[in-house]
Amino acid sequence: MKYFAMIDGHQYGPMDLEDMVKEGVRPDTYVWCKGMPDWALASDVPDICRYFRQRLSGTLPSQKYAGFADPTHIKSNDEEEHERLLNQLPPMARGIVRKSGIKLTKENFPDPQQQHFPKALPILLYVVCLIVVLIGFLLLP
């Protein structure tokens, strides 16, 4: 079966399931094929799900080794911090940051406890508004 996919706002296709892997189709990618009433998420199309499950079954560790930690997959503190910061971003921005390769640090995020404007700013705004109102009254005949 030949599918079409919407990736980064562009339509790709027709393509078979192998081509979908090469094009970067993910579970949240919209796909369509002949016989479907409308575009749907790849995760909602049974044939695509089945294909990706079969493809992954050869790469996943077997059950007997699932309880043991693989030292090559242990995340460092920097990677854990990056993932924690990445989760603070809106979902759409996460993919962009992952693709860009940018490593997030605490400096990229403002401290929510800090005020981002001077404490005198509300007083200054009040005084400016008061002066504008007084000038308006003085200029009225």
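Residues numbered from 1 in each chain as written. Predicted model: local features only at pLDDT ≥ 70, side-chain atom pairs only at ≥ 80, totals over all residues. Heavy atoms only, no water.

Regarding the nonpolar core
Tyr3, Ala5, Met20, Val25, Val31, Val45 and Ile48 are the most contacted members of the largest nonpolar core, which has 13 residues in total. Elements with a minimum of two residues in this core: β1 (3–7) and β3 (30–33). Ranked by residues supplied to this core, first place goes to β1 with 3 residues. Those residues in contact with Met20, other than ones at most four positions away along the chain, are Tyr3, Met15, Val25, Val31 and Ile48. (Core = buried A, V, L, I, M, F, W, Y, C linked by side-chain atoms within 4.5 Å. Buried < 20%, exposed > 50% of the residue type's maximum accessible area, 1.4 Å probe, protein only. Helix = DSSP H or I, 4+ residues; strand = E, 2+ residues; numbered from the N terminus. Contact = heavy atoms within 4.5 Å.)

What to know about the sheet that holds strand β4 (residues 40–41)
Pairing in this open sheet of 4 strands is antiparallel, and the strands run β2-β1-β3-β4 from one edge to the other. Of all the strands in the sheet, just β2 (10–15) and β4 have a single pairing partner and so form its edges. Strand direction decides the pairing type here: β3 and β4, joined by 2 bridges, are antiparallel. Across the sheet, residue Tyr30 finds its bridge partner in β4, namely Leu41. (Pairing = 2+ DSSP bridges.)

Comments concerning the side chain of Thr29
Tracing the sequence through the fold places Thr29 in the loop between α1 (17–23) and β3. The class for Thr29 is buried, based on a relative accessible area of 7%. Apart from the residues lying within four places of it in its own chain, the contact partners of Thr29 are Ala5, Met6, Ile7, Gly24, Ala40, Leu41 and Ala42.

Quick look at the confidence of the model for the protein chain
Summing up the model confidence of the protein chain, the mean pLDDT is 77 and the portion of residues at 70 or higher is 76%. Confidence drops under pLDDT 50 across residues 62–70; counting only partners more than four residues distant or on other chains, this segment forms 0 contacts. (pLDDT = per-residue confidence, 0-100.)

Considerations on a nonpolar patch on the surface
A surface patch of nonpolar side chains, amounting to about 820 Å² of accessible area, comprises Ile123, Tyr126, Val127, Leu130, Ile131, Leu134, Ile135 and Leu139. A residue is classified by how much of its surface remains accessible, and Leu139, at 68% relative accessible area, is exposed. (Patch = residues over 30% accessible without salt bridge, like charges linked within 9 Å, V, L, I, M, F, W, Y side chains within 5 Å. Areas by Shrake-Rupley, 256 points an atom, 1.4 Å probe, with all protein chains shown as cover. Salt bridge = Lys/Arg side-chain N within 4 Å of Asp/Glu carboxyl O.)

What to know about the packing of aromatic side chains
Counting across every chain of the model gives 1 aromatic pair. Note on Phe4 and Trp32: the rings are 5.8 Å apart at their centroids and 40° apart in plane angle, and the pair reads as tilted. Of this pair, Phe4 sits in strand β1 while Trp32 sits in strand β3, placing them 28 residues apart in sequence. When its relative accessible area of 27% is taken as the criterion, Trp32 is described as partly exposed. (Phe/Tyr/Trp six-rings, centres within 6.5 Å; stacked < 30°, edge-to-face > 60°.)

Concerning the layout of surface pockets
Roughly 570 Å³ of volume is contained in the largest pocket. Taken together, 16 residues form the lining of the largest pocket, with Asp8, Arg26, Asp28, Gly95 and Lys99 sitting closest to its centre. A per-element tally of the lining of the largest pocket places helix α4 (residues 91–100) first, with 7 residues. (1 Å grid on protein atoms, 1.4 Å probe; cavity = no way out; pocket = protein on both sides within 12 Å on 5 of 7 lines; lining within 4 Å. Points joined across faces, edges and corners; volume = space filled by probe spheres on them.)

Observations regarding the pattern of salt bridges
A side chain with one charge can pair with a side chain of the opposite charge if their charged atoms come near. Throughout the structure, instances matching the rule amount to 4 salt bridges. Asp47 is the salt-bridge partner of Arg50, the closest N and O atoms lying 2.9 Å from each other. Of this pair, Arg50 and Asp47 both sit in helix α2 (residues 46–57), 3 residues apart, roughly one helical turn. Accessibility expressed as a relative area gives 35% for Asp47, which makes it partly exposed. Arg98 is the salt-bridge partner of Glu83, the closest N and O atoms lying 3.8 Å from each other. Residue Glu83 is found in helix α3 (residues 77–86), and its partner Arg98 is found in helix α4; the two are separated by 15 residues along the sequence. According to the relative accessible area criterion, Arg98 is partly exposed, its value standing at 49%.

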